[in-house]
Amino acid sequence: MTDESATIERDLAAVETALASGAATHEEPLARELQELALQLRADAPRPEPAFAEELHGRMEAGFPSTAGSARARAEAARARQQTALKRLSAPRGGRRFARSYLLPIAGVGVPLALIVGVIFAAGGPSGPSGGDDDAGGGGGASEQAAGGSGGRGEQTKGETLSALPRESARAGDKAAAAPDTAVVPLEPVPRDGNFAPGQANRKIERSFSLELDVPLDDMARVADQVTAVTNRHGGFVLSSSVNSGREGGGGDFSLRIPSDRLRPALRDLAELAPVIRQSQEGRDVTRQHVTAKDRLQAARAERRSLLRRLEEAATDQEAEAIRQQLDLVAGEINGLRAQLRDLRLRTDYAVVNVSLLVAGDHDDNGGVGGSFDDALDDAGGLLVGFAGVLIRIMALAVPLALVALAAWLGTRGLRRRRRESALA
Amino acid sequence: MPVATGTDTETFAALYERTFPRVYAYVASLLRDRSAAEDVTAQAFERAYRRRATYRTRRGSHEAWLFGIARNAALDELRRRKRRARLEAEPEDTGALGADDHADLALRREAVRAAMTGLDGRERDLIALKFSAGLSNSEIAKVLDVSETAVGTRLHRILTKLRKACND
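Quick caveat: nothing in here was measured; it's all calculated off a predicted structure.

Undergrad: Is there a simple way to explain the overall build of chain B in this structure?
TA: Across its full length, chain B holds eight helices and zero strands. Along chain B, helices (α) and strands (β) appear in the sequence α-α-α-α-α-α-α-α when read from the amino end. Across the 168 residues of chain B, 52% fall into the buried class. Taken as a whole, chain B presents about 7,700 Å² of accessible surface, with 49% of it coming from carbon and sulfur.

Okay, here's the thing in structure tokens:
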């Protein structure tokens, strides 16, 4: 503690002592002077006139009644009339107190929250765990467009439709009638080239789709045959397949290649075979690889033509041999590039469609009523995630609003205080 | 007429009885106008009476709360009536010397009053809260919304200034 603060403390203590005892008795002359000053200041305090004291005391005892005709008196009369009317309408006193204590604050918080939630839903609704999947194709398209805009890089996009929100499509619904516990999802539209990259029809898109069909065990063989038939009908082929329709458990997996231009009807026909319980789609832009390979092939061909001309004009055997060796190298490169282009064309001309046949009731993604404990747990988790999503959106609006309101309140309070204090400046 | 509910309950009448002379003294010290001081004192008690249900212990003691209301009312009055010039003017004689007053006491009193004219509004406010209102430093801190240490330091500085002015 510094000497100055020690002096301040000593002097303040001396002043407090003098005010308490009414006498200036400190041994230090300076402190004693401050004591005397404090006593003098207190003794010099103004005193109220007895008449005023009596009048104010009377008003205080009467509960500070308003002067007749004053603004306050008029306001009080209006308030009294309101309260009388409320008394007639409302419940007993406890109910009013409850309403004042709880309902009003709840309404004060609830109404703005309801408004915020309304605004969120009106603006498109919260996207829960599956909410963003509704526009899977469109989302993929946007990403593809972005990839195209940056020079056609080989970007991978993925859109997946999960069965977290079971809905019945018109066609699949008929099938679902046979298996009422099965949740089905509508088949998402297949994006055309233009959807993946609007305005750029020459884009090369490699696509793959996955479908999971809900098939009764007894119907497994028939549906498996129909999968092959649909594939053939649309000009595609079955790359691999495995079907098991035994009593101990069944299922099937197909890897199909279907021409891209026939993809939409083919998928529609596949979806008609059995209720779709899950589907996903993926798109990959390979335009850049295609263009690069094509350019390199052109360059290689031009080089070969040049080498052939040089070979015709070769003067010596050694020179001709060297050119032939170069020609061999260029020919190898041309063959490789051709194969690469063929492969790319095959991948973009034919979409990969993986079809899984699941036995009705064996899979646990239906989310239906009466599922297992795991189903209930999954549903509860999904609900919680959805709720948290809504809550985060509400907070995203409410927190900034609350901060702005707080800042405004603090600012107003500070401003009012400063204006008041300015009277002392 | 309880001021607050709970364990800190005190009737408004008791608070009034305990604080009335000091509220008046504080307001009169600030306004330097007996008539205005009476109006503002009555107004302050009336406001406090009507707002007694809003008192919360976190705002400090009953007295700090009441003097906060009185201070606001006085400052509003000062602003309204633009009494700045009056504040800086010679303080009103708030009490005549009695026949038995000693001459040196009278001289001392005049010296203190003269020294008070050298204080600005904020300093005068603090002196009034301490010696006219009789508040403790912690209560003053609540009223002014500053720390208790700041109140002590400012008070010491003002007292030292007054002491020097009295001795000059």
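Right, picking up where we left off after that structure.
Undergrad: In this structure, what is going on with a nonpolar patch on the surface? I would like to understand it.
TA: Nonpolar side chains collect at one region of the surface, where A:Phe387, A:Leu391, A:Met395, A:Val399, A:Leu403, A:Leu406, A:Trp409 and A:Leu410 lie side by side and expose about 800 Å² of accessible area between them. Looking at where A:Leu403 falls in the secondary structure, it is placed in helix α13 (residues 373–421).

Undergrad: Please clarify how the interface of chain B and chain A should be interpreted in this entry.
TA: Bring the parts together and some accessible area is lost; that lost area is often taken as the interface size. Between chain B and chain A, the residue contacts involve 55 residues of the former and 42 residues of the latter. Summing the contributions of chain B and of chain A, the shared interface buries around 4,400 Å²; its carbon and sulfur component is 61%. Where chain B touches chain A, the interface holds nine salt bridges. The salt bridge involving A:Arg59 is made with B:Glu46; its shortest N-O contact spans 3.2 Å. The tally of links between chain B and chain A comes to 15 residue pairs in polar contact (both at pLDDT 80 or more). Taken together, the elements giving at least two residues each to the side of chain B that touches chain A come down to α1 (12–31), α2 (34–50), α3 (62–81), α4 (84–88), α5 (103–116), α6 (121–132), α7 (137–144) and α8 (148–167) of chain B. With 11 residues, the single largest contributor to the side of chain B that touches chain A is α1(B).

Undergrad: I keep staring at the pattern of salt bridges and nothing clicks. Help me out?
TA: Side chains that carry opposite charge are capable of pairing whenever their charged atoms lie near each other. The tally for this structure, following the rule as stated, stands at 25 salt bridges over all chains. Across the pair B:Arg71 and A:Glu421 runs a salt bridge, and its minimum N-O distance is 2.9 Å. Placement of B:Arg71 in helix α3 and of A:Glu421 in helix α13 is noted, with the two residues assigned to different chains. Through salt bridges that share partners, A:Asp44, B:Arg109, B:Glu110 and B:Arg113 make up one connected network.

Undergrad: In this structure, what is going on with the side chain of B:Arg109? I would like to understand it.
TA: With respect to the helices and strands, B:Arg109 occurs in helix α5. The exposure class of B:Arg109 is buried, given its relative accessible area of 14%.

Undergrad: Just to check I follow, could you spell out the nonpolar core for this structure?
TA: The tendency in soluble globular proteins is for nonpolar side chains to be buried side by side. In terms of nonpolar packing, the biggest core is built from 65 residues, with A:Leu41, B:Phe45, B:Ile127, B:Phe131, B:Leu159 and B:Leu162 touching the most fellow members. If one sorts the elements of this core by residue count, α1(B) sits on top with 11 residues. The contacts of B:Ile127, once residues within four sequence positions are left out, are A:Leu41, B:Met116, B:Leu119, B:Ser132, B:Leu155, B:Ile158, B:Leu159 and B:Leu162. Counting 25 residues, the second-largest nonpolar core is a separate cluster that includes A:Leu211, A:Leu256, A:Leu267 and A:Leu273.

Undergrad: For this particular structure, what's the right way to read α13(A)?
TA: Helical geometry: 3.6 residues make up each α-helical turn, so side chains three or four residues apart lie on a common side. Residue and element names in this part refer to chain A. Between its first and last C-alpha atoms α13 spans 67 Å; for 49 residues at 1.5 Å apiece the expected length is 72 Å, and the two agree. Along α13, the sharpest change in direction is near 25 degrees and occurs at Met395. Turning to α13, its buried residues number three or more, namely Asp375, Gly386, Gly389, Val390, Ile394, Arg420 and Glu421.

Undergrad: How should I be thinking about the layout of surface pockets in this particular structure?
TA: Which parts of space are left empty comes out when a probe the size of a water molecule is rolled across the atoms. One number sums up the size of the largest pocket: a volume of about 1,000 Å³. A:Arg413, A:Arg417, A:Arg420, B:Arg59 and B:Asn72 are, among the 24 residues lining the largest pocket, the residues nearest its centre. Taken together, the elements giving at least two residues each to the lining of the largest pocket come down to α13 of chain A together with α3 and α7 of chain B. In terms of residue class, the lining of the largest pocket is made up of seven nonpolar, five polar and 12 charged.

Undergrad: Looking at this structure, how should I read a positive patch on the surface?
TA: Residues and elements named next belong to chain A. A surface patch of like charges, here positive, comprises Lys294, Arg301, Arg304, Arg305, Arg309, Arg338, Arg342 and Arg345. Listing elements by their share of the positive patch, those giving two or more residues are α11 (287–312) and α12 (317–349). Of all the elements, α11 adds the most residues to the positive patch, at five residues. Here Arg342 lies in helix α12.

Undergrad: Mind showing me how you'd approach helix α3 (residues 50–61) of chain A here?
TA: Between its terminal C-alpha atoms α3(A) stretches 16 Å, which fits the 16 Å expected from 12 residues at 1.5 Å a residue. A:Phe52, A:Leu56 and A:Met60 are the residues of α3(A) that are buried. Viewed along the axis of α3(A), the buried residues span an arc of 70 degrees, placing them on a single side of the element. Relative to its buried face, α3(A) has exposed residues pointing more than 90 degrees away, namely A:Pro50, A:Ala51, A:Glu54, A:Glu55 and A:Glu61. Contact partners of the buried residues in α3(A): α1 and α2 of chain B. Looking one or two residues beyond α3(A), the residue adopting positive phi is A:Gly63, at roughly 80 degrees.

Undergrad: What exactly am I supposed to notice about the confidence of the model for chain A here?
TA: Close inspection of predicted coordinates is inappropriate for parts of the model with low pLDDT. Mean pLDDT for chain A: 76, with 69% of residues reaching 70 or above. Mean pLDDT values for the elements of chain A range from 37 in helix α6 (residues 136–149) of chain A up to 92 in α11(A).

Undergrad: Explain the side chain of A:Glu421 to me, please; I cannot follow it from the model alone.
TA: Judged by its relative accessible area of 13%, A:Glu421 is buried. At a separation of 2.9 Å, a polar atom in the side chain of A:Glu421 contacts the side chain of B:Arg71. Look past the residues within four positions of A:Glu421 in its chain and what remains in contact with it is B:Arg71, B:Leu75 and B:Arg122.

Thresholds, definitions, all that
Residues numbered from 1 in each chain as written. Chains lettered and ligands numbered in written order. Predicted model: local features only at pLDDT ≥ 70, side-chain atom pairs only at ≥ 80, totals over all residues. Heavy atoms only, no water. Helix = DSSP H or I, 4+ residues; strand = E, 2+ residues; numbered from the N terminus. Buried < 20%, exposed > 50% of the residue type's maximum accessible area, 1.4 Å probe, protein only. Areas by Shrake-Rupley, 256 points an atom, 1.4 Å probe, with all protein chains shown as cover. Patch = residues over 30% accessible without salt bridge, like charges linked within 9 Å, V, L, I, M, F, W, Y side chains within 5 Å. Salt bridge = Lys/Arg side-chain N within 4 Å of Asp/Glu carboxyl O. Contact = heavy atoms within 4.5 Å. Buried area = accessible area lost by both parts, 1.4 Å probe. Polar contact = N/O pair within 3.5 Å; in protein donor to acceptor, adjacent residues only side chain to side chain. Core = buried A, V, L, I, M, F, W, Y, C linked by side-chain atoms within 4.5 Å. Expected span 1.5 Å × (residues − 1). Bend = angle between axes of the 7 residues up to and from the residue. 1 Å grid on protein atoms, 1.4 Å probe; cavity = no way out; pocket = protein on both sides within 12 Å on 5 of 7 lines; lining within 4 Å. Points joined across faces, edges and corners; volume = space filled by probe spheres on them. Nonpolar A, V, L, I, M, F, W, Y, C, P; charged D, E, K, R; others polar. Lys, Arg positive; Asp, Glu negative; His and termini not counted. Charge placed at Lys NZ, Arg CZ, Asp CG, Glu CD. Arc of directions from axis to C-beta. pLDDT = per-residue confidence, 0-100.

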